[in-house]
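# Structural features, examined
Okay, here's what each chain looks like letter by letter:
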Amino acid sequence: MPERFVNVGIAEQNMIGVAAGLASSGKIVFAYGISPFVSLRVLEQLTLDVAAMQLPVSIVSVGAGFTYSTDGPTHHGLQELPAVMTIPGLTVLNSSDPHNTGAFVEFAINSKRANYIRIEKGVLPNLKLDSEFSVETGFSVVKKSGRVLFISTGAIVHELLEVLPAIEQGIGQQVSVIDLFRPSSVYGDDFLALLSNASKIYTLEESYSNGIGQLVGSLVATNCLKIPFKMIAPESKFYYISGDRRLLRKIGKVDSASILQTVIQDH
C-alpha cells in the first residue's frame, strides 16, 4: 500500500505535525521512528498536536534501552519512557513479545486515540503467561509462585527469566514476575492487590529508574505499604562505550549476572 506510506525524512517534529493533520482529516495514523527521536525530540508536538487534541495517532517507537548500543547516547532509549509517561491522554504500551505487539496494533486501531507503542528491533520469543492476556488489564502475570515480586517491562523481562532459577535458588524463595506493559494500569485495584500481597518488590527496566521504578515506588509510598522495595535500572548517565546490547546492559548493571548479584546481595 505505497499510497498510504509517507516518508518525511529526518524531520520528526514535522512528522508528528503531518500525522496530526492526517488524523484530523479522518485517518488512523501510525508514525514510526527510533525511540529518542519520536519522544524527546518531538515532546511538544506529541503533547499539543496529538495528546491534547486526542487524535488517533499512534507513535511506534523502536530502540528501547540499549537497542542501538553501537550508536552512542544519541540513540539510546533510556529517557523516552519516563518522558512520554508524563503526557496526559497518551496511552503508553511497551511490547515484550510478538503477541503483545500484534495486540497493541489492534488496540490502537480500535481505540481511535493517542498511543505510544514501544516495539523491539528483532524478534523475541512469546512469553508463557500464568494469566490471560488483555491490553485493557495493562499487565501480565508471567510467573505466579512466591511473594517476592519482580515488576518489569519490555525486552528485559526475558533477561530476568534467564536468571530466575538462579535467583530463586540463591534466596531460597519462589519469585513472581509481572510484565507491566501499560504503566497507567498501576492505578487499578488489581495491580495494587499484587503489591499488597508481596513480601519484597523489585522493579527492573532498561531505562532510567524514573520510569516504572519511580511509578511503582510512589504507589508503594502513597498507599503506605510497608514492603521492602528496590529499583534495578541503568545508572542515570550517558553511556559512551560502543558495543552490543549485552555489553551495554552489563555496564549498566541490568544484565542477567548483575540482576542475580543485586538480588542475592539484597537478601
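The structure this text deals with has already been given above.
Basis of the calculations
- Residues numbered from 1 in each chain as written.
- Predicted model: local features only at pLDDT ≥ 70, side-chain atom pairs only at ≥ 80, totals over all residues.
- Heavy atoms only, no water.
- Helix = DSSP H or I, 4+ residues; strand = E, 2+ residues; numbered from the N terminus.
- Rg over C-alpha atoms; globule rule 2.2 N^0.38 Å.
- Buried < 20%, exposed > 50% of the residue type's maximum accessible area, 1.4 Å probe, protein only.
- Contact = heavy atoms within 4.5 Å.
- Areas by Shrake-Rupley, 256 points an atom, 1.4 Å probe, with all protein chains shown as cover.
- Salt bridge = Lys/Arg side-chain N within 4 Å of Asp/Glu carboxyl O.
- Core = buried A, V, L, I, M, F, W, Y, C linked by side-chain atoms within 4.5 Å.
- Pairing = 2+ DSSP bridges.

### Points about the overall build of the protein
Along its length, the protein carries nine helices and nine strands. Against the globule reference of 18 Å for 267 residues, the protein gives a C-alpha radius of gyration of 18 Å, in line with a compact fold. The buried share of the protein, taken over its 267 residues, is 52%. Long-range contacts, defined here as pairs at least 24 residues apart, represent 77% of the contacts in the protein between residues at least 6 apart. Per element, the accessible surface of the protein, about 12,400 Å² overall, is 54% carbon and sulfur.

### Let's talk about the pattern of salt bridges
Summed over the entire model, instances satisfying the criterion amount to twelve salt bridges. Between Glu-136 and Arg-182 there is a salt bridge whose closest N-O contact spans 3.6 Å. Of this pair, Glu-136 sits in the loop between strand S4 (115–119) and strand S5 (140–143) while Arg-182 sits in the loop between strand S7 (175–179) and helix H6 (189–196); the two residues are 46 residues apart in sequence, bridging distant segments of the chain. Glu-159 is the salt-bridge partner of Arg-249, the closest N and O atoms lying 2.4 Å from each other. Highlighted residues: Arg-249 in helix H8 (residues 245–251) and Glu-159 in helix H5 (residues 156–171), separated in sequence by 90 residues. Neither residue differs from the other here; Arg-249 and Glu-159 are each classed as buried. A network of salt bridges, in which partner residues are shared, links Glu-120, Glu-159, Glu-162, Glu-206, Arg-245, Arg-246 and Arg-249.

### Quick look at the nonpolar core
If you look at the biggest cluster of nonpolar residues, it comprises 22 residues, and the most contacted ones within it are Ile-16, Leu-46, Val-57, Ile-59, Leu-90 and Tyr-116. When residues of this core are traced back to their parent elements, those giving at least two are helix H1 (12–24), strand S1 (29–34), helix H2 (43–51), strand S2 (57–62) and helix H3 (80–84). With residues near it in sequence (within four places) discarded, Tyr-116 still touches Ser-35, Val-38, Ser-39, Leu-46, Ile-59, Ser-61, Glu-80, Val-84, Leu-90, Thr-91, Val-92 and Leu-93. By size, the runner-up hydrophobic cluster in this structure holds 19 residues, among which are Val-148, Tyr-202, Ile-232 and Ile-259.

### Remarks on the pairing of S4
The buried count for S4 comes to five of five residues, which makes it a mostly enclosed element. Residues Asn-115, Ile-117 and Ile-119 point to one face of S4 and Tyr-116 and Arg-118 to the other, with burial holding for every one of them. Sheet topology note: the S2/S4 ladder contains five bridges and is parallel. Bridging across to S4, Ile-59 finds its partner in Tyr-116.

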